[in-house]
Amino acid sequence: MDNKGIYEWLQEQFCVEPEQIIEALKLSPSAQGYIQGALSEILLIQYLAENDYEVLRIKEKPAGGFDEKKIGYKGDFLIKKKGTNDYYVVECKGLKTNSEFRSGDTNEDDHQKRITKDQAFNTLKKYINIDKDSIYQKGYNRYLKAKKDWEEKNVNKTFPDFRWTKENPGPDNADLSSYFSTINDLKEFIEKSDDEKLSEKAFRTKNALYKILQTHEPSDRTDNETGINQAAPLVSDFSMMAVDLFQRTGKHEFVFMNPDRISHSPTSPNHLYQNYIIDVLIPGVKDELDIKHPWYRNIDDCINKTNPKTVEYDATQIDYREA
């Protein structure tokens, strides 16, 4: 579509000048979010096509609503590599936009949230000299308590297994140990930093002291096996999740994970966590992404190394809009 066609389409849809549409978008973060989400889907389709995948869009709400989607089809796209017969369901997500400053207090002068240096330190220190054994044990203890409580209420039934690995326990995958050899090094770095780099404005404009790449996948889901309801997807909902990192890197680039290979909710093993931390960037200190299992930069690597579940092709689940 050329510039004239774009202008005519905007006039037809909104009956205002393009400049007024831009002003409306500036005033509506929620509208920006919807557009960014739609762009992520378009760019994911493009990425998949460039990597020789056929892409079909899955109906958002089949007859009867979202819950009528088949098990395994609760994602955005059905894909398969050209020349193969293996179908996968891919869910497309973005990053949480207030991960860093949501716990801050609102400043009375500029009405912007700000976090303290102590808060910044407490956020980042857990990514240095990570004690994976402790993380695993804490998760397992939470699981055992949930299992005991559930089985007491569900006599002669068995709670789902705990499936974390000791190599990658919990929802956080960032590691800053190579950049700060001790906790004191981190504390000194934060103490010397500019207070303005801990403001909401700095985080929103990608000029802050650090950037947390955290998934955001609120989805009210009930596990049919246990009856547990949590605000997070079920492990069985899709084959892979694709996450657009734009909100923190400024580029539309995707990482992929297999829900069967990432740590599940410790209190409901058939649920995922609502939020996973993929990585943390610290401008000037750690500028490059360090994407490692269970996350992958390349969808082929995710498939070849983690063997995501496949689904049978079902035409009733397909939305025949152009994908």
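About the criteria used
- Residues numbered from 1 in each chain as written.
- Predicted model: local features only at pLDDT ≥ 70, side-chain atom pairs only at ≥ 80, totals over all residues.
- Heavy atoms only, no water.
- Helix = DSSP H or I, 4+ residues; strand = E, 2+ residues; numbered from the N terminus.
- Rg over C-alpha atoms; globule rule 2.2 N^0.38 Å.
- Buried < 20%, exposed > 50% of the residue type's maximum accessible area, 1.4 Å probe, protein only.
- Contact = heavy atoms within 4.5 Å.
- Expected span 1.5 Å × (residues − 1).
- Arc of directions from axis to C-beta.
- Phe/Tyr/Trp six-rings, centres within 6.5 Å; stacked < 30°, edge-to-face > 60°.
- Patch = residues over 30% accessible without salt bridge, like charges linked within 9 Å, V, L, I, M, F, W, Y side chains within 5 Å.
- Areas by Shrake-Rupley, 256 points an atom, 1.4 Å probe, with all protein chains shown as cover.
- Salt bridge = Lys/Arg side-chain N within 4 Å of Asp/Glu carboxyl O.
- Disulfide = S-S within 2.5 Å.

Draft legend 1. How the structure looks around the overall build of the protein. Helix and strand counts for the protein stand at nine helices and 15 strands. The globule rule puts the C-alpha radius of gyration for 323 residues at 20 Å, and the 22 Å found for the protein is close to it. Counting only C-alpha atoms, the protein reaches 65 × 55 × 40 Å along its principal axes. Relative to its 323 residues, the protein shows a buried fraction of 45%.

Draft legend 2. Expanded view of unusual backbone geometry. Between His293 and Pro294 the backbone carries a cis peptide bond, its omega angle lying at 15°. Its place among the elements puts Pro294 in the loop between β13 (277-281) and β14 (295-296). For Asn129, which is not glycine, the phi torsion reads 50° and is therefore positive. Its place among the elements puts Asn129 in the loop between α4 (117-124) and α5 (132-153). Overall, Asn129 belongs to the exposed group, its relative accessible area being 51%. Phi is positive for Lys206, close to 65°, though the residue is something other than glycine. Relative to the assigned elements, Lys206 resides in the loop between α7 (200-204) and β6 (211-214).

Draft legend 3. Main features of the side chain of Asp76. With respect to the secondary-structure elements, Asp76 resides in the loop between β1 (53-58) and β2 (77-81). Classification of Asp76 as buried rests on a relative accessible area of 18%. Beyond its immediate sequence surroundings of up to four residues, Asp76 is in contact with Glu41, Leu56, Arg57, Ile58, Val90, Glu91 and Cys92.

Draft legend 4. Summary view of helix α3 (residues 29-50). With 22 residues, α3 extends 31 Å from end C-alpha to end C-alpha; this agrees with the ideal 32 Å at 1.5 Å per step. Among all positions in α3, only Ser40, Glu41, Leu44, Ile45, Tyr47 and Leu48 are buried. Seen from one end, α3 has its buried residues packed into an arc of 165°, which puts them on one side. Structurally, α3 contributes buried residues whose contacts are with β1, β2, β3 (88-93), β9 (240-244), β10 (254-257) and α9 (299-306).

Draft legend 5. Examining the packing of aromatic side chains more closely. In the structure shown here, the tally under the stated rule is 16 aromatic pairs. Between the aromatic rings of Tyr140 and Phe162, the centroid separation amounts to 5.1 Å while the plane-to-plane angle is 55°, which identifies the pairing as tilted. One end of the pair, Tyr140, is in helix α5; the other, Phe162, is in the loop between α5 and α6 (183-191), with 22 residues separating them in the sequence. Take Tyr140: its relative accessible area is 28%, and that puts it in the partly exposed class. Overall, Phe162 belongs to the buried group, its relative accessible area being 14%. Consider the rings of Trp150 and Phe159, whose centres lie 5.5 Å apart with planes at 45°: the pair is tilted. Given the relative accessible area of 9%, Trp150 is considered buried. According to the relative accessible area criterion, Phe159 is buried, its value standing at 1%. Through pairs of rings, three or more aromatic residues link up here, namely Tyr136, Tyr140, Tyr143, Trp150, Phe159, Phe162 and Trp164.

Draft legend 6. Main features of a nonpolar patch on the surface. Taken together, the side chains of Ile35, Leu39 and Ile42 make up a nonpolar region of the molecular surface, amounting to roughly 250 Å² of accessible area. Along the chain, the position of Ile35 falls in helix α3.

Draft legend 7. Region of interest: the pattern of salt bridges. Tallied over the entire structure, the rule returns 21 salt bridges. Between Lys26 and Glu23 there is a salt bridge whose closest N-O contact spans 3.6 Å. One end of the pair is Lys26 and the other is Glu23, both in helix α2 (residues 18-26) and three residues apart, which spans about a single turn. Note on Lys26: relative accessible area 55%, which makes it exposed. The residue Lys145 makes a salt bridge to Asp149 at a minimum N-O spacing of 3.0 Å. Here Asp149 and Lys145 lie together in helix α5, a separation of four residues that amounts to about one turn. For Asp149, a relative accessible area of 29% gives the class partly exposed.

Draft legend 8. Spatial organisation of the state of the cysteines. Tallied over the entire structure, the rule returns zero disulfides. With no disulfide partner, Cys302 has as its closest neighbouring cysteine sulfur the one in Cys92, 14 Å distant.

Draft legend 9. Structural detail: the environment of Met257. Inspection of the secondary structure puts Met257 in strand β10. The class of Met257 is buried, set by a relative accessible area of 0%. For the pair Met257 and Ala242, spaced 15 residues apart in the sequence, the C-alpha separation amounts to 6.9 Å. Sequence-distant contacts of Met257, that is, excluding residues within four places in its chain, are made with Ser239, Met240, Met241, Ile262, Leu272, Pro294, Trp295 and Cys302.

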